[in-house]
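Residue strings, one per chain:
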Amino acid sequence: MVLSISEANVSGKKVLTRVDFNVPLNDDGSIADDTRIVESIPTILSIIERGGVAVLMSHMGRPKGKPNAKYSLDVVAKRLSVLLDEHVQFVPDCIGADARQMVAASKSGDVLLLENLRFHAEEELNDEYFSKELSELGDIYCNDAFGTAHRAHSSTVGVTHFFNEKFAGLLMQRELKYLGEAIVNPKRPLVIIVGGSKISGKIDVITSLMKISDSILIGGGMMFTFLRALGYSTGSSLVEEDKIQLASEILTQAKTMDVKLILPTDVSIANSFSNDADSKIVSITEIEDGWMGLDIGPETSKLYSEVIKNAGTVVWNGPMGVFEFSNFSHGTRSVSQAMVDATTTGTITIVGGGDSAAAVSQFGHQTNVTHVSTGGGASLEFLEGKSLPGVTALNLE
Ligand code: AMP
């Protein structure tokens, strides 16, 4: 069982809180998208409004274990100050005497942000000494960084060994609630939509999800490996040759299980990988040599929208096409719109992070679905049924 920070007695306590401030930056070093900072605010407020001190820690980018001004969290401290309308104290190193001194001098209601954890190689090595140093900056521990919960690092796992009291932040709790209910006790029918480009990264998820879902809709680049498994030509579409056999086994397995594995019926093909390519809509059986599929077709969009509309729960991971090209974004947009429409009639709609989350936000739909996961990799591993080290570490024995 995991306890929520809202159940913790935080008054007068320093709450060492792992957040996910791994925000994308513009070339000039400014923040390109502050969603992750905004998402952490309920947890921070829950701590400071009840008289605690929020000592925040995060990684950003890949500084490879060394200090690098380009990845300093100073810029995040400034943005967070604006969002909270309160001065956020920036701590120039995440461990050491100065950090300990700043934390010791803090008062109830203060917010401190430690410098990038990954300026120390020990963070990703889950180093015990480094974990202990971090632990000295808090009386109790809270993890609100779902996006890194699938990694056993010092700030997500090692540090927890030094605390008696550990809690999940409000965002983490929300993720566990929606993703957990989707796999353990879903409102049925449970529909899973799998798209994107990497079949190798998602094949295990499809296999696990076949056991619990009622329908699986396939789209995006991965559909072509399935089409090849059915014996169709796919032109120069993306295919993972070494996964054709596996796709074929999945198709056979789906027939013996009580799950509908649904493939597109039509596809938008192009004569080059470009938004301005010549394109046409064809049946999945008519992809000619020299052409590649870059989106599901309108008939498929309609079919998938209908399945989504009649679902109790929908979990979506991976775009239906190359949505970054406006001419091939229609399938992804219509699935996103169907998710929004289904939400209004009571369907639980969950977007599983990564590129599908980016697509939903590009269409302005992020607040009109039930839940958009903040962790692409973590949500996939969770859906696969794997336990996440950062969550296991919060479990009470
Ligand atoms: P993933 O990381 O597996 O979720 O893949 C996301 C990427 O898949 C996006 O950048 C899409 O542009 C890409 N994608 C989706 N459909 C296709 C397709 N038919 N061909 C090539 N790439 C695709």
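Residues numbered from 1 in each chain as written. Predicted model: local features only at pLDDT ≥ 70, side-chain atom pairs only at ≥ 80, totals over all residues. Heavy atoms only, no water.

**Quick word on the site of the ligand**
So, point 1. Neighbouring the ligand are 14 residues, the closest being Ser 197, Lys 198, Lys 202, Gly 293 and Glu 324.
So, point 2. At a separation of 2.8 Å, an oxygen atom of the ligand approaches a polar side-chain atom of Lys 202.
So, point 3. Between the ligand and the protein, one listed contact pairs a nitrogen atom with a backbone N or O atom of Gly 221 at 3.1 Å.
So, point 4. Relative to its unbound accessible surface of 510 Å², the ligand loses 85% to contact with the protein.
So, point 5. Across the shell around the ligand, the residue classes break down as 4 nonpolar, 6 polar and 4 charged. (Near = heavy atom within 4 Å. Polar contact = N/O pair within 3.5 Å; in protein donor to acceptor, adjacent residues only side chain to side chain. Areas by Shrake-Rupley, 256 points an atom, 1.4 Å probe, with all protein chains shown as cover. Nonpolar A, V, L, I, M, F, W, Y, C, P; charged D, E, K, R; others polar.)

**Examining the packing of aromatic side chains**
So, point 1. This model, assessed by the stated rule, comprises 2 aromatic pairs.
So, point 2. A cation over an aromatic ring shows up here: Lys 177 above the ring of Tyr 178, its NZ or CZ 5.1 Å from the ring centre. (Phe/Tyr/Trp six-rings, centres within 6.5 Å; stacked < 30°, edge-to-face > 60°. Lys NZ or Arg CZ within 6 Å of the ring centre and 35° of its normal.)

**Structural notes on the packing of helix 5 (residues 170-184) against helix 12 (residues 376-383)**
So, point 1. Following both chains from N to C, one finds helix 5 and helix 12 inclined at 30°, their axes separated by 10 Å at the closest point. Like other packed secondary-structure pairs, helix 5 and helix 12 cross with a definite hand, here right-handed. Touching Leu 176, Leu 179, Gly 180 and Ile 183 of helix 5 are Ser 379, Phe 382 and Leu 383, all from helix 12.
So, point 2. Residues of the contact of helix 5 with helix 12, tallied by class, amount to 5 nonpolar, 2 polar and no charged. (Axes fitted to C-alpha atoms, helices over the stretch in contact; angles between N-to-C directions. Helix = DSSP H or I, 4+ residues; strand = E, 2+ residues; numbered from the N terminus. Left-handed = near helix turned anticlockwise from the far one by under 90°. Contact = heavy atoms within 4.5 Å.)

**Digging into the sheet that holds strand 2 (residues 53-57)**
So, point 1. Taken in spatial order, the 6 strands line up as 3-4-2-1-5-6 in an open sheet, and their pairing is parallel. Where the open sheet ends on each side, the last strands, each with one partner, are strand 3 (88-91) and strand 6 (166-168). Averaged over all pairs of adjacent strands, the angle between strand axes in this sheet comes to 25°, irrespective of strand direction.
So, point 2. Seen against the sheet, helix 2 (residues 74-84) touches strand 2, strand 3 and strand 4 (111-114) and runs at an angle of roughly 170° to strand 3.
So, point 3. The strands that helix 3 (residues 97-104) touches are strand 1 (14-18), strand 2, strand 3 and strand 4; relative to strand 3, the one it contacts most, it runs at about 160°. (Pairing = 2+ DSSP bridges.)

**Considering the domain arrangement of the chain**
So, point 1. Under the domain assignment, the chain is made up of domain 1 (5-172) and domain 2 (186-383).
So, point 2. Using C-alpha coordinates to define each centre, domain 1 is positioned 35 Å away from domain 2.
So, point 3. In this assembly, 6 residues from domain 1 lie in contact with 7 residues from domain 2.
So, point 4. Taken over both partners, the interface formed by domain 1 and domain 2 buries close to 600 Å², and the fraction arising from carbon and sulfur atoms is 64%.
So, point 5. In terms of surface lost to domain 2, no three residues of domain 1 exceed Phe 146, His 150 and Leu 171, which account for 69% of the buried area on that side.
So, point 6. Seen at the junction of domain 1 and domain 2, the total is 0 salt bridges.
So, point 7. The interface formed by domain 1 and domain 2 holds 0 residue pairs in polar contact (both at pLDDT 80 or more) in total.
So, point 8. In terms of residue class, the side of domain 1 that touches domain 2 is made up of 2 nonpolar, 2 polar and 2 charged. (Domains from an automatic or database assignment. Buried area = accessible area lost by both parts, 1.4 Å probe. Salt bridge = Lys/Arg side-chain N within 4 Å of Asp/Glu carboxyl O.)

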